[in-house]
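Okay, here's what each chain looks like letter by letter:
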Amino acid sequence: MRIPRIYTDSALTEGGTAALDDNAAQHVGRVLRMQPGQDLLLFNGDGNDYPATITSASKKNVEVQVGTPQANATESPLEIVLGQTLSKGDRMDYAVQKAVEMGVTRIVPLTTERCDVKLKGDREDKRLRHWQSVAISAAEQCGRARVPEILPVMTVSEWLEHSRDCEVRLVLHHRTEHALKSIIPPGRVALMIGPEGGLSPEEIARAEKEGFLPVALGPRVLRTETAPVAAMALCQWLWGDIGS
């Protein structure tokens, strides 16, 4: 039987005991209905996996005995910062989930001229918590020991400033002849993804003025939730750890 892999924000120390945080405890105790004596593989974002054995379990509280930490080698040497324009329904969930699987480092939701999703106040906080939960579940599934951070929603101007620390900054633009393979391999890359209908000419021009290079992934126009997956897969293939 496959050992469940669970994220917890609890501190984990070799040989010690730990009480899982509320979300992890409810998943283990209420959803999986695991019992004392059963094994888990825990991670808390420090880059290690922690084998653990349940010592007590209820629907709300789970305590474990923590084993020897194991280094997790699933992180890519390429750091990817994704600026993803907000989209409706489960499209944003899909983009977050697949970006985590592709090795993204952090995700910045963007609001752009043609974006038709507006988030403010409590609604924004709720969606950010939801997307962070999606990222955690994706990290559990794909074997990562670090969970990418979902940052607060930014405007295009804020995003352009935020991404200045990236060696290469790319804005996807299907009406350009630049290709990814022509770029010198970076250690950190920023990707800017527009909404359905694309970024406006003014937004693309502003990004170019700030040092973003417009790149095309091919002759076909990709949906806003598909574009980051394709772009990150290509970046990881060219400069990261896919195919290595």
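The rules behind each value
Residues numbered from 1 in each chain as written. Predicted model: local features only at pLDDT ≥ 70, side-chain atom pairs only at ≥ 80, totals over all residues. Heavy atoms only, no water. Helix = DSSP H or I, 4+ residues; strand = E, 2+ residues; numbered from the N terminus. Phe/Tyr/Trp six-rings, centres within 6.5 Å; stacked < 30°, edge-to-face > 60°. Buried < 20%, exposed > 50% of the residue type's maximum accessible area, 1.4 Å probe, protein only. Lys NZ or Arg CZ within 6 Å of the ring centre and 35° of its normal. UniProt positions renumbered as here; feature names shortened; annotations may be inferred. Axes fitted to C-alpha atoms, helices over the stretch in contact; angles between N-to-C directions. Left-handed = near helix turned anticlockwise from the far one by under 90°. Contact = heavy atoms within 4.5 Å. Patch = residues over 30% accessible without salt bridge, like charges linked within 9 Å, V, L, I, M, F, W, Y side chains within 5 Å. Areas by Shrake-Rupley, 256 points an atom, 1.4 Å probe, with all protein chains shown as cover. Salt bridge = Lys/Arg side-chain N within 4 Å of Asp/Glu carboxyl O. Lys, Arg positive; Asp, Glu negative; His and termini not counted. Charge placed at Lys NZ, Arg CZ, Asp CG, Glu CD. Arc of directions from axis to C-beta. Polar contact = N/O pair within 3.5 Å; in protein donor to acceptor, adjacent residues only side chain to side chain.

Peer 1: Whenever I open this one, unusual backbone geometry confuses me. Can you help?
Peer 2: One can expect most non-glycine residues to show negative phi and most peptide bonds to be in trans. Even without being glycine, Arg33 reaches a positive phi, approximately 55°. Structurally, Arg33 can be placed in the loop between helix 1 (22–31) and strand 3 (39–43).

Peer 1: Sorry if this is basic, but what is going on with the packing of aromatic side chains here?
Peer 2: The way to describe two aromatic rings as a pair is by their centre distance and the angle between their planes. For the structure shown, the criterion picks out two aromatic pairs. Ring geometry for Trp159 against Phe212: centres 6.2 Å apart, planes inclined by 50°, an arrangement best described as tilted. Here Phe212 lies in the loop between helix 5 (201–209) and strand 13 (213–215) and Trp159 lies in helix 4 (residues 156–162), a separation of 53 residues in the sequence. Of the residues examined, Phe212 reaches a relative accessible area of 3% and is grouped as buried. The cationic tip of Arg5 hangs over the ring face of Phe43; the distance from NZ or CZ to the ring centre is 4.2 Å.

Peer 1: Where do I start with the UniProt feature "domain: Ribosomal RNA small subunit methyltransferase E PUA-like" (unreviewed entry) in the protein chain in this structure?
Peer 2: Summarizing the sequence annotation, UniProt attributes the feature "domain: Ribosomal RNA small subunit methyltransferase E PUA-like" (unreviewed entry) to residues 20–66 in the numbering used throughout. Between the C-alpha atoms that bound residues 20–66 there is a distance of 11 Å. The span itself is 21% helix and 43% strand.

Peer 1: Would you mind going over the packing of helix 2 (residues 91–101) against helix 3 (residues 121–142) with me for this structure?
Peer 2: When two helices pack together, their arrangement is captured by the angle between the axes and the distance separating the axes. At a closest axis distance of 8 Å, the pairing of helix 2 and helix 3 adopts a crossing angle of 40°. Note that helix 2 runs across helix 3; the crossing there is right-handed. Contacts from Met92, Asp93, Val96, Gln97, Val100 and Glu101 in helix 2 reach Arg127, His130, Trp131, Val134, Ala135, Ala138, Ala139, Gln141 and Cys142 in helix 3.

Peer 1: Looking at this structure, how should I read the environment of Val104?
Peer 2: Residue position: Val104 is located in the loop between helix 2 and strand 8 (106–111). A C-alpha to C-alpha distance of 9.3 Å links Val104 and Glu149, two positions 45 residues apart in sequence. The residues touching Val104, leaving out its near neighbours within four places in the chain, are Ile80, Leu82, Ala99, Arg144, Pro148 and Met232.

Peer 1: Just to check I follow, could you spell out a positive patch on the surface for this structure?
Peer 2: Positive charge collects at one region of the surface, where Arg30, Arg33, Lys59 and Lys60 lie side by side. As for its position among the elements, Lys59 is in the loop between strand 4 (48–57) and strand 5 (62–66).

Peer 1: Sorry, what's going on with helix 1 here?
Peer 2: Along an α-helix, residues three or four positions apart point the same way, because every turn accommodates 3.6 residues. Those residues of helix 1 that fall on the buried side of the exposure criterion are Ala24, Ala25, Val28 and Gly29. Taken end-on, helix 1 shows its buried residues confined to a sector of 105°, consistent with a single buried face. With respect to the buried face of helix 1, the exposed residues turned more than 90 degrees away are Asp22, Asn23 and Val31. Looking at where helix 1 begins, the residue whose side-chain oxygen comes 3.2 Å from the main-chain nitrogen of Asn23 is Asp21. Looking one or two places after helix 1, you find Arg33, whose phi comes out positive at around 55°.

Peer 1: What is the right way to look at the environment of Tyr50 in this model?
Peer 2: Position of Tyr50 among the secondary structure elements: in strand 4. The exposure class of Tyr50 is buried, given its relative accessible area of 6%. Sequence separation between Tyr50 and Glu14 is 36 residues, and the spatial gap between their C-alpha atoms is 8.0 Å. With sequence-adjacent residues up to four places away left out, Tyr50 is seen in contact with Leu12, Leu40, Leu41, Leu42, Asn44, Val66, Gly67 and Pro69.

Peer 1: Sorry, what's going on with the pattern of salt bridges here?
Peer 2: Note on pairing: side chains with opposite charge can pair once their charged atoms come close. Applying the stated criterion across every chain, the model contains 11 salt bridges. We note a salt bridge from Glu196 to Arg91, for which the minimum N-O separation is 3.5 Å. Of this pair, Glu196 sits in the loop between strand 12 (188–193) and helix 5 while Arg91 sits in helix 2, placing them 105 residues apart in sequence. Among the salt bridges present, the one from Glu161 reaches Arg164, with a minimum N-O distance of 2.8 Å. The class for Arg164 is partly exposed, based on a relative accessible area of 45%.

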